[in-house]
Amino acid sequence: MESDEAAAAGAASPSGGNVTPAPKKRGRKPKSKDESQTQQEQEKSGGKMKESGKKTKQGEQSVDEKYTQWKGLVPILYDWLANHNLVWPSLSCRWGPQIEQATYKNRQRLYLSEQTDGSVPNTLVIANCEVVKPRVAAAEHISQFNEEARSPFVKKFKTIIHPGEVNRIRELPQNSKIIATHTDSPDVLIWDVETQPNRHAVLGAAHSRPDLILTGHQDNAEYALAMCPTEPFVLSGGKDKSVVLWSIQDHITTAGSTDSKSSGSIIKQTGDGGDKTESPSLGPRGVYHGHDDTVEDVAFSPTSAQEFCSVGDDSCLILWDARTGTSPVTKVEKAHDADLHCVDWNPHDDNLILTGSADNTVRLYDRRNLTSNGVGTPIYKFEGHKAAVLCVQWSPDKSSVFGSSAEDGLLNIWDYDRVSKKTDRAAKSPAGLFFQHAGHRDKVVDFHWNAEDPWTIVSVSDDCETTGGGGTLQIWRMNDLIYRPEEEVLAELEKFKSHVMTCAPKP
């Protein structure tokens, strides 16, 4: 069954290969059709076509072999899984507000992007997602998905023609219909996705008009973007080595409300998204200098709009406090052994901060004891990825659980509480790692825990290298027997022991 996405894409489809990326550029555009055909002819003339399934090193499983092994375990490992093939790669995925509740599933907004090769415009996509409730999906249904198809659970609702590719999407906690986007420019763009008109993404179409433009960077700001959980504040970092802070409230005071019950826009509408009316702009409350290279990610404290942190390509983690000026409160030199790509502040414990890096590790810091002799002293180093870590995020449901995704195509779920409880049974796996989502076959560029539906995650991979274009969106929830307390699980299994035995294959 094809979703609305197929119809919206029309005849356009991405083609194989990828252009050589700019330095430290994590998102890549598919090659144009002409480039792809040339590459395929060259590969054919050289003998065999390039195979994604061949082994690169002796004894190592190929991408396809790992995927096949994972797919066979899906009915056991997952309570629910929806696989949605994307026509174009998406570099960011975020949950929006829940809009409808039903007996067996809930409907929720989902924010994505389409990063095209230029044959059609780059877009910001608002989709409706049917989230199946726990213990509703049958094992047969979970296992029977086609990785080349588009899931019936994901339907495109609205398209916004974005001025440039969408590198990062973040929603405003006070009103998740308001989102911010980063593109390859110094500006942060603010959108009210409910009041924005739906657009048809055809070549030559005018860009949609942002509801608000946040200015203040002196160079491109592409990835570092955060929304404050306690106030309508926005934080950004960029190539100008600075961290910039805005308050949307500074603009709202005369234009509307961000109250979640409000149906109005955050600004007064003066025309549709395709007209030539200029968007209003807003300058920053503060610009913060302390990094020596590009700022790659930022995060707010869960308890204070004035406290935030940032990481960058200078291998530093910096803590800031807007109340004490624009200089760093604490600068952690050598927080990792390479560029830092991501950071997240624990929403349950404001002393704990996670960082992820190109050194393939995730590190956990306690803000009360960040350094020793000027060098970072993490509480623990989580070593389970085989390539650069691109995204880390704490679970909204359990304070010790977090996820990390990387260029190795894996999304790992960790529990810090399990580090000290490592048993012989888990001797071969890294300490704290208790679930590994291996459903993607290329770098997992983003993922997001669902705050409305515990233990449900949306993740997206950019598949340009392995499949020649497009991306894969997956929405999944692990089997609750994996994360619930052991005594609860054993009691439940004992209760249904007789039934389980009758289902077991006979020798």
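Keep in mind it's a predicted model, so treat the numbers as computed, not measured.

**Student:** For this particular structure, what's the right way to read the pattern of salt bridges?
**Tutor:** Working definition: two side chains of opposite charge can pair if their charged atoms are close together. Enumeration according to the criterion identifies 26 salt bridges in this entry. Among the salt bridges present, the one from Asp480 reaches Arg135, with a minimum N-O distance of 2.9 Å. One end of the pair, Asp480, is in helix α7 (residues 480-483); the other, Arg135, is in the loop between β4 (123-132) and α4 (139-143), with 345 residues separating them in the sequence. Overall, Asp480 belongs to the buried group, its relative accessible area being 15%. The partly exposed category is assigned to Arg135, whose relative accessible area is 47%. When the shortest N-O distance is used, the salt bridge between Arg484 and Glu492 registers 2.8 Å. Here Glu492 falls in the buried class, since its relative accessible area comes to 18%. By sharing partners, the salt bridges in this structure join Arg135, Asp480, Arg484, Glu488 and Glu492 into a single network.

**Student:** Explain the packing of aromatic side chains here, please?
**Tutor:** All told, the structure shown has 19 aromatic pairs when counted by the stated rule. Taken together, a centroid distance of 5.4 Å and an interplanar angle of 70 degrees make the contact between Trp394 and Phe402 edge-to-face. Here the two residues Trp394 and Phe402 agree in accessibility, since each one is buried. These aromatic residues form a ring-pair network of at least three members: Tyr67, Trp70, Tyr78, Phe145, Phe435 and Trp476. Between the NZ or CZ atom of Lys71 and the centre of the ring of Phe145, over which it lies, the distance is 4.8 Å. Across from the ring centre of Phe157, 3.9 Å away, lies the NZ or CZ of Arg109, which sits over that ring.

**Student:** Can you help me understand the sheet that holds strand β3 (residues 105-114) in this one?
**Tutor:** Within a sheet, neighbouring strands are paired by backbone hydrogen bonds and run either parallel or antiparallel to one another. One open sheet accounts for four strands, arranged β2-β3-β4-β5; its pairing is antiparallel. Each edge of the open sheet is held by one strand with a lone partner, namely β2 (94-101) and β5 (154-161). Going from strand to strand, the sheet's axes swing by 25 degrees on average, the running direction of each strand aside. Note: β3 against β4, 10 bridges, orientation antiparallel. Bridge pairing in β4 places Arg109 opposite Asn128.

Calculation criteria
Residues numbered from 1 in each chain as written. Predicted model: local features only at pLDDT ≥ 70, side-chain atom pairs only at ≥ 80, totals over all residues. Heavy atoms only, no water. Salt bridge = Lys/Arg side-chain N within 4 Å of Asp/Glu carboxyl O. Helix = DSSP H or I, 4+ residues; strand = E, 2+ residues; numbered from the N terminus. Buried < 20%, exposed > 50% of the residue type's maximum accessible area, 1.4 Å probe, protein only. Phe/Tyr/Trp six-rings, centres within 6.5 Å; stacked < 30°, edge-to-face > 60°. Lys NZ or Arg CZ within 6 Å of the ring centre and 35° of its normal. Pairing = 2+ DSSP bridges. Axes fitted to C-alpha atoms, helices over the stretch in contact; angles between N-to-C directions.

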